[in-house]
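# Structural features, examined
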Amino acid sequence: MNEDEKSEKLAHFQELTGIGDLDRCRSTLEHYNWNLEVAVESMLSVDEGEGAMASHPVPEPGLRQRRVVGSLQDITRTQVGRQPVHMVMPVQRHQPWSNWLADIVLLPFRFAFSTVWSIFRFLGALLFPVSQSAINSVGDVIQFISMFEEQYGDSHPQFFRGSYEDAVNAARRDVRFLLVYLHSRDHMHTEQFCREVVCSVGVTEYVNENMIFWGCDVNSNEGYRVSRIMREATYPFLALLCVQDSRMVIVERIEAGGMSVDDVMARLVGAVETNEPLLVAARSDRQQRTESVALREQQDKAYLESLRQDQEKERRQQEEQERIRQEERDQQRKQQQQQDMQEVSRLL
């Protein structure tokens, strides 16, 4: 593995774990023989043993600030490094008292489901371990898309056919929103959410027009890995990301169990309208940088062309001077030969 590949894996490791200490990241990857997924899993497993943090913690460099699963607090992930993914608190919106009452009633059931589900996944990972070398992130996503279309039809937002990292990089490159959907086929709200929300005409048109859409089943390796990054409490789960200060930031988290299509659309539209100015600014900044680079390239090209012409002119001058000197030498040689012949003639 060359240094470029190591640097790329090092940047991805910082992006997924939020660790700002470059030496620590490098030593961890070296310990796991530069296997990115094994190293990330090891760090996330260690993080699960950390205590819960306050809902408004004081940021510390290189540490992720996250909520405990089931607490229904917002996640804040602070990551340092190239192209990190950073989670910020979404804007709270007023809800009718009936929604608050329903949330309070359902809170114990959501917490119990999340806890039991996490235990089963942990036991499953212990009893049926999967070789990390066999993980195929893109394959998991393609399999999920095929399953989704087989069960719910093909009238849905266009899924991004690549890994989560590929989707993040595409959204960052194109300066677009990224909508992440984590699918749990065993959850009681999944069927209704997929048929009435994801496959609705309004959601399909809006998502296709405004964002990249990525999804995966949490029962797959890729979905489970992204689930551990998102730290969702229940399903169905949506997360909206966008570029802020050259970083991918989660700007809205929607735990959509029992939500109607209008509720989901209101949350998405509100988040897009709130953060669209940031994307506009990012696009403008990128355009300025692109134009600046293009201008420098044009200037460099003009300079090199001028330098080439000067060098060509100097070469021609040197060739002309050498030609003149050669003619002078040839003339002198002829004169010398004539003098020699005249001298020989007098001697004879």
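Quantities reported herein were computed from a predicted structural model and do not represent experimental measurements.

### Concerning the confidence of the model for the protein chain
For the protein chain, mean pLDDT is 78; residues scoring 70 or higher make up 76% of the total. Taken element by element, the predicted model of the protein chain shows its lowest mean pLDDT in strand β1 (residues 85–87) (40) and its highest in strand β3 (residues 211–217) (97). Below a pLDDT of 50 lies the segment residues 46–95, which in the model reaches 127 contacts outside its immediate sequence neighbourhood of four places, other chains included. The low-confidence segment residues 130–135, where pLDDT is below 50, has seven contacts with residues more than four positions distant or belonging to other chains.

### A short note on helix α6 (residues 164–174)
Within α6, the full set of buried residues consists of Tyr164, Glu165, Ala167, Val168, Ala170, Ala171 and Arg172. A positive backbone phi angle near 50 degrees is found at valine 175, which sits one or two residues after α6.

### Quick notes on unusual backbone geometry
Here tyrosine 235 and proline 236 are connected by a cis peptide whose omega angle stands at -5 degrees. Its place among the elements puts proline 236 in the loop between α9 (221–230) and β4 (237–244). With a phi close to 60 degrees, tryptophan 34 is a non-glycine residue in the positive phi region. Structurally, the position occupied by tryptophan 34 is in the loop between α2 (22–31) and α3 (36–47). Notably, arginine 231 is not glycine yet its phi reads approximately 60 degrees, a positive angle. Along the chain, arginine 231 turns up in the loop between α9 and β4.

### Details of the pairing of β3
Of all the seven residues making up β3, seven are buried; the element is thus mostly covered by neighbouring parts of the structure. Side chains of β3 alternate between two faces, with Met211, Phe213, Gly215 and Asp217 and Ile212, Trp214 and Cys216 buried alike. Here seven bridges tie strand β2 (residues 177–183) to β3, and the two strands are oriented parallel to one another. By the bridge assignment for β3, phenylalanine 177 is matched with methionine 211.

### Topic: the side chain of serine 163
Along the polypeptide, serine 163 turns up in the loop between α5 (137–152) and α6. The class of serine 163 is buried, set by a relative accessible area of 8%. Residues in contact with serine 163, not counting those within four places in the same chain, are Ser137, Val138, Trp214 and Glu222.

### Concerning helix α10 (residues 261–347)
Given a rise of 1.5 Å per residue, 87 residues ought to cover 129 Å, and the 121 Å separating the end C-alpha atoms of α10 matches this to within 8%. Listed as buried for α10 are Val264, Met265, Arg267, Leu268, Gly270, Ala271, Val272, Asn275, Leu279 and Ala282. Among the structural elements, β2, α7 (190–198), α8 (201–210), β3, β4 and β5 (247–255) are those in contact with the buried residues of α10.

### As for the pattern of salt bridges
Evaluated as defined, the whole model comprises 16 salt bridges. Aspartate 217 is the salt-bridge partner of arginine 185, the closest N and O atoms lying 2.7 Å from each other. Highlighted residues: arginine 185 in the loop between β2 and α7 and aspartate 217 in strand β3, separated in sequence by 32 residues. Put simply, glutamate 191 and arginine 195 hold a salt bridge, and the shortest N to O gap is 2.5 Å. Of this pair, glutamate 191 and arginine 195 both sit in helix α7, four residues apart, roughly one helical turn. Look at glutamate 191 and you get partly exposed, because its relative accessible area is 35%. The network of salt bridges with common partners includes Glu312, Arg315, Arg316 and Glu319.

Cut-offs applied
Residues numbered from 1 in each chain as written. Predicted model: local features only at pLDDT ≥ 70, side-chain atom pairs only at ≥ 80, totals over all residues. Heavy atoms only, no water. pLDDT = per-residue confidence, 0-100. Helix = DSSP H or I, 4+ residues; strand = E, 2+ residues; numbered from the N terminus. Contact = heavy atoms within 4.5 Å. Buried < 20%, exposed > 50% of the residue type's maximum accessible area, 1.4 Å probe, protein only. Pairing = 2+ DSSP bridges. Expected span 1.5 Å × (residues − 1). Salt bridge = Lys/Arg side-chain N within 4 Å of Asp/Glu carboxyl O.

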